[in-house]
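The primary structure of each chain is shown beneath.
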Amino acid sequence: MVIMTTTSSLTFLPVLERIAEEIGRTPGRGRPADYIPALAARDPRSFGMAVAELDGTVYGVGEWRQPFSTQSITKVFTLALELAREGDELWEHVGREPSGNPFNSLVQLEYENGIPRNPFINAGALVVTDRLQTRTGDAADTLLAFLRAESGNPDLDFDRQIAASETAHGDRNAALAHFMKSYGNIENAVPTLLFEYFRQCSIAASCADLALATTFLARHGICADGTRLLTRSQAKQINAIMLTCGTYDAAGDFAYRVGLPGKSGVGGGIIAVVPGRCTLCVWSPGLDERGNSVAGVAALDRFTTLTGLSVF
Ligand code: GLN
């Protein structure tokens, strides 16, 4: 099924239709995340993909209007919001090197003195959300307001069932937060931080919403209303960190196959940026062992292969 919202430029629609058809014929779609029990029941055959053009045109195929759990995709937006507020001082508290370890790993934190490798693993995202909480008094609501504004969808919201499910099974994130606090790298009380972080991860949004909300990165830092959130250089920096760290210990393979800045989440979504041109969001809940959507990576691989659009 293909639905179009506007007709001003649907350049990539035939490519998306071809990809959806190919994905539909491909068996073996991975398994939905089950360490957050509320995510486990998702159907791995679900698939949606959207492209947003820089003029706000958005179109897609499959279940591109279906909200899903954004999870770690939100780490891109909290990083943008905090980097815009704090500037380079943020990098004293979180690094920007690939970790080569799973997204929820604890191992590097001790020998690197509580400074996480990058803002897209859980430890790094906890630091960013903590600092955004200090500056705004409500990190998750600040994020939600930003996503509503950039997607043009005032109905975006937290999924309270998923937030509650993750809270009930959040021991590893709690361990990361407590451990970093022992090094003085977390400012707020750990329960406050976890409350904000789990609400952040629980936001439900569709491929259309997320493709639109990501366009500020393809516009080199300019928001949907024409105001500037990030300097051109900061937008470049975030795109670079997405390329090198956005899919965790599979970032090398993602760069090899897709060749775009991208960020995945265990809800099965992936956003990707073609700087200066457009953004993409794909969703399919079946994950590989590193927590990236199997059909999502395959679809983005096909997109850049068929169109020749990549940063390389
Ligand atoms: N909320 C999830 C967690 O903290 C996000 C992880 C992910 O999407 N990779 O474990």
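Residues numbered from 1 in each chain as written. Predicted model: local features only at pLDDT ≥ 70, side-chain atom pairs only at ≥ 80, totals over all residues. Heavy atoms only, no water.

### Brief notes about the overall build of the protein
Moving on, step 1. Each helix and strand counted, the protein has 13 helices and eight strands in total.
Moving on, step 2. Relative to a compact globule of 312 residues, whose C-alpha radius of gyration would be 20 Å, the protein shows 18 Å and is just as compact.
Moving on, step 3. Once the C-alpha set of the protein is aligned to its principal axes, its extents read approximately 55 × 40 × 35 Å.
Moving on, step 4. Classification of the 312 residues of the protein by burial places 59% in the buried group.
Moving on, step 5. Contacts spanning at least 24 positions in sequence make up 69% of the contacts within the protein whose residues lie at least 6 apart.
Moving on, step 6. Of the accessible surface of the protein, which amounts to about 11,900 Å², a share of 52% is contributed by carbon and sulfur atoms.
Moving on, step 7. In the protein, 27 side chains carry a positive charge and 34 a negative one; their mean positions are 3 Å apart. (Helix = DSSP H or I, 4+ residues; strand = E, 2+ residues; numbered from the N terminus. Rg over C-alpha atoms; globule rule 2.2 N^0.38 Å. Buried < 20%, exposed > 50% of the residue type's maximum accessible area, 1.4 Å probe, protein only. Contact = heavy atoms within 4.5 Å. Areas by Shrake-Rupley, 256 points an atom, 1.4 Å probe, with all protein chains shown as cover. Lys, Arg positive; Asp, Glu negative; His and termini not counted. Charge placed at Lys NZ, Arg CZ, Asp CG, Glu CD.)

### Here's the deal with the site of the ligand
Moving on, step 1. Close contacts around the ligand come from Y35, Q71, S72, F103, N122, E166, N173, Y197, C201, Y248, G265 and V266, and that covers them all.
Moving on, step 2. N122 is positioned such that a nitrogen or oxygen atom in its side chain is 3.0 Å from an oxygen atom of the ligand.
Moving on, step 3. Within the side chain of Y248, an N or O atom sits 2.8 Å from a nitrogen atom of the ligand.
Moving on, step 4. When the free accessible area of the ligand is taken as 300 Å², the share hidden by the protein chains comes to 99%.
Moving on, step 5. Tallied by class, residues from the shell around the ligand come to six nonpolar, five polar and one charged. (Near = heavy atom within 4 Å. Polar contact = N/O pair within 3.5 Å; in protein donor to acceptor, adjacent residues only side chain to side chain. Nonpolar A, V, L, I, M, F, W, Y, C, P; charged D, E, K, R; others polar.)

### Concerning the packing of helix α1 (residues 13–24) against helix α13 (residues 294–307)
Moving on, step 1. One way to put it is that α1 packs onto α13 with a least axis distance of 10 Å and a crossing angle of 140 degrees. If you check the angle between α1 and α13, you find them oblique. As α1 packs across α13, the resulting crossing turns out to be right-handed. Residues V15, L16, R18, I19, E22 and I23 of α1 form the contact with α13, whose participating residues are A295, A298, A299, R302, F303, L306 and T307. (Axes fitted to C-alpha atoms, helices over the stretch in contact; angles between N-to-C directions. Parallel < 35°, antiparallel > 145°, perpendicular 65-115°, else oblique. Left-handed = near helix turned anticlockwise from the far one by under 90°.)

### Here's the deal with helix α5 (residues 139–151)
Moving on, step 1. Between its first and last C-alpha atoms α5 spans 18 Å; for 13 residues at 1.5 Å apiece the expected length is 18 Å, and the two agree.
Moving on, step 2. Along α5, the residues classified as buried are A139, A140, T142, L143, L144, F146, L147, E150 and S151.
Moving on, step 3. Close packing links the buried residues of α5 with α2 (74–86), α4 (122–136), α8 (190–202), α9 (207–213) and α10 (215–218). (Expected span 1.5 Å × (residues − 1).)

### Focus on the nonpolar core
Moving on, step 1. In terms of nonpolar packing, the biggest core is built from 65 residues, with F77, L217 and I238 touching the most fellow members.
Moving on, step 2. Among the nonpolar cores identified, the runner-up in size contains 26 residues, and F12, I23, M49 and L300 belong to it. (Core = buried A, V, L, I, M, F, W, Y, C linked by side-chain atoms within 4.5 Å.)

### Details of the UniProt feature "binding site: substrate" (unreviewed entry) in the protein
Moving on, step 1. Per the UniProt entry, the sites bearing "binding site: substrate" (unreviewed entry) are S72, N122, E166, N173, Y197, Y248 and V266 in this numbering.
Moving on, step 2. Locating E166 in the fold gives a position in helix α6 (residues 160–168).
Moving on, step 3. Among the residues examined, E166 registers a relative accessible area of 4% and is labelled buried.
Moving on, step 4. When near neighbours in sequence (up to four residues on either side) are disregarded, E166 contacts I36, Q71, N173, F198 and C201.
Moving on, step 5. With respect to the secondary-structure elements, Y197 resides in helix α8.
Moving on, step 6. Every residue in contact with Y197, bar those within four places of it in the chain, is listed here: K75, N122, A125, L126, T129 and N173. (UniProt positions renumbered as here; feature names shortened; annotations may be inferred.)

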